[in-house]
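# Breakdown of the fold
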Number of protein chains: 2
Amino acid sequence: MARRSPAAGTATEPENSRGAILQAAARTIARHGVRGLKVDDVAAAAGVSTPLLYYHFASRAGLVKATLEYASIEAPSSALPEGPPEGETGYRALERALLAELDDTDQVRDNAVVWGEVAASAVFEDDLRADVKEAVEIWREEVVQGIRAGLADGSIRAGIDPEQTAELLTTLVDGLCTRWLSGSVTVDRARELLAADLKHRLSA
Amino acid sequence: MARRSPAAGTATEPENSRGAILQAAARTIARHGVRGLKVDDVAAAAGVSTPLLYYHFASRAGLVKATLEYASIEAPSSALPEGPPEGETGYRALERALLAELDDTDQVRDNAVVWGEVAASAVFEDDLRADVKEAVEIWREEVVQGIRAGLADGSIRAGIDPEQTAELLTTLVDGLCTRWLSGSVTVDRARELLAADLKHRLSA
């Protein structure tokens, strides 16, 4: 799940050392994995001292957690609670948000790798579990609200259980991301499968 | 996806050094991840010399590949192509096989970790991609055959596309495994979600 919109991916300069460190950490995880993340390397890549990095993030685990949040801030789904834009149905807004998680641009791909990596690492690192769970729940709640908007405007079939459907859909998107990033499915096929599933599951 | 049945999990002694090495490698990956896999440690845990390990598997990548195959040999879904056992519908045989991938016994859990880890590592290690893709395709084909059995006996709703449905279902099970193993969902909730999805998607 790439929780950051392509729109947020325009190469902006970080405002401060904290931002520079988070950019460097996200890039490092996307290239080498969470388990390839060395605090000294991130500090060097960000052009800051290691003590300054620890000043901001306290520990390696704190840095990984903040990087996960950084990768989520402008997720495609984060606009769903505001409701669909003028002239768009709830169904279409939800479809657009979820399909945007599967996109071969560097920005979306990197953030998807960060997400998949942090979740995969949480299998071995108990420290990360609460953060992953919280992020999963925030995402699911955004999708619940997207589903409710579609139920309200009649573009999503009545009778759908928003909570259960959101949990299944976000889990499916996670699974599609892993298959895409590990080379078992093309990004186009992953999008096709997701679009077919949404249509079957939700369309009025 | 834990590709090994609980039935295969009875603690059998490996027949030979090759089997002992594979058991040790699976256990090491389940505890420390693919990226924590050191060939010397696996050889020591298996009680063999490092040269003997290389004699069997040629390289670390060869060992990881063989461990992936080892974790798949007696997968819950591998019986699906034989058709449902006497007195069981195709739907029920498929449901049973897929739910068996989500099980908190050590054996199923360890194999699920091996699978998730190898797929997550394939994001960074190109060497693993072809093996992961092949295993994914074998699994999907088993599920396709399970769906066809249910279509033939009328227990699965007519009009289902077996190929697309199998691809979506196996991807969903992968996503549920990741959430379960990373602590975002309990194994019971994961099973409940999968059972609900199967009913909605397939039941006649």
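Everything below is about the structure shown above.
All of the points below concern the structure found in this document.

The rules behind these values
Residues numbered from 1 in each chain as written. Chains lettered and ligands numbered in written order. Predicted model: local features only at pLDDT ≥ 70, side-chain atom pairs only at ≥ 80, totals over all residues. Core = buried A, V, L, I, M, F, W, Y, C linked by C-beta atoms within 7 Å. Buried ≥ 20, exposed ≤ 12 C-beta atoms within 10 Å, placed from the backbone. Domains from an automatic or database assignment. Contact = placed C-beta atoms within 7 Å. Helix = DSSP H or I, 4+ residues; strand = E, 2+ residues; numbered from the N terminus. Least-squares fit on C-alpha atoms with pLDDT ≥ 70 in both. Arc of directions from axis to C-beta.

## A word on the nonpolar core
Membership of the largest hydrophobic core comes to 121 residues, with the highest contact counts inside it found for Val114(A), Val118(A), Leu176(A), Val114(B), Val118(B) and Leu176(B). Counting contributing residues, this core receives three or more from each of domain 1 (12–67) and domain 2 (74–204) of chain B. Excluding residues that lie within four positions of it along the chain, Leu176(A) makes contacts with Leu102(A), Ala190(A), Leu193(A), Leu194(A) and Thr171(B).

## Quick word on unusual backbone geometry
Residues and elements named next belong to chain A. With a phi angle near 70 degrees, Ala58 is a residue other than glycine that sits in the positive phi range. Here Ala58 lies in the loop between helix H3 (50–57) and helix H4 (60–72). Its 12 C-beta neighbours within 10 Å are what place Ala58 among the exposed residues.

## Looking at the relation of the copies chain A and chain B
When chain A is brought onto chain B, the operation consists of a screw motion whose angular component is 180 degrees and whose axial shift is 0.0 Å, with 0.0 Å RMSD remaining. The superposition operator between the copies reduces to a two-fold rotation axis. The rotation axis passes nearest to the C-alpha of Gly175(A) in chain A, at a distance of 2.1 Å. Same-surface contact between copies: 100% of interface residues of chain A are shared with the interface of chain B.

## Quick notes on the environment of Glu101(B)
Residues and elements named next belong to chain B. One can find Glu101 in the loop between helix H5 (90–99) and helix H6 (106–122). Here Glu101 falls in the buried class, since 28 other C-beta atoms lie within 10 Å of it. In the structure, Glu101 is positioned 73 residues away from Asp174 in sequence and 9.1 Å away in space, judged by C-alpha atoms.

## Considering the interface of chain A and chain B
Contact residues are listed per partner, giving 32 residues for chain A and 32 residues for chain B. Listed by contribution, the elements that provide at least two residues to the side of chain A that touches chain B are helix H6 (106–122), helix H7 (129–152), helix H8 (162–181) and helix H9 (187–202) of chain A.

## Some details on helix H2 (residues 39–46) of chain B
Residue and element names in this part refer to chain B. Of all the positions in H2, only Val42, Ala43 and Ala46 are classed as buried. Seen end-on, H2 carries its buried residues on one side only, within an arc spanning 100 degrees. If you follow the buried residues of H2, they end up packed against helix H1 (17–32), helix H3 (50–57) and helix H4 (60–72). Two residues or fewer after H2 comes Gly47, characterised by a positive phi angle close to 70 degrees.

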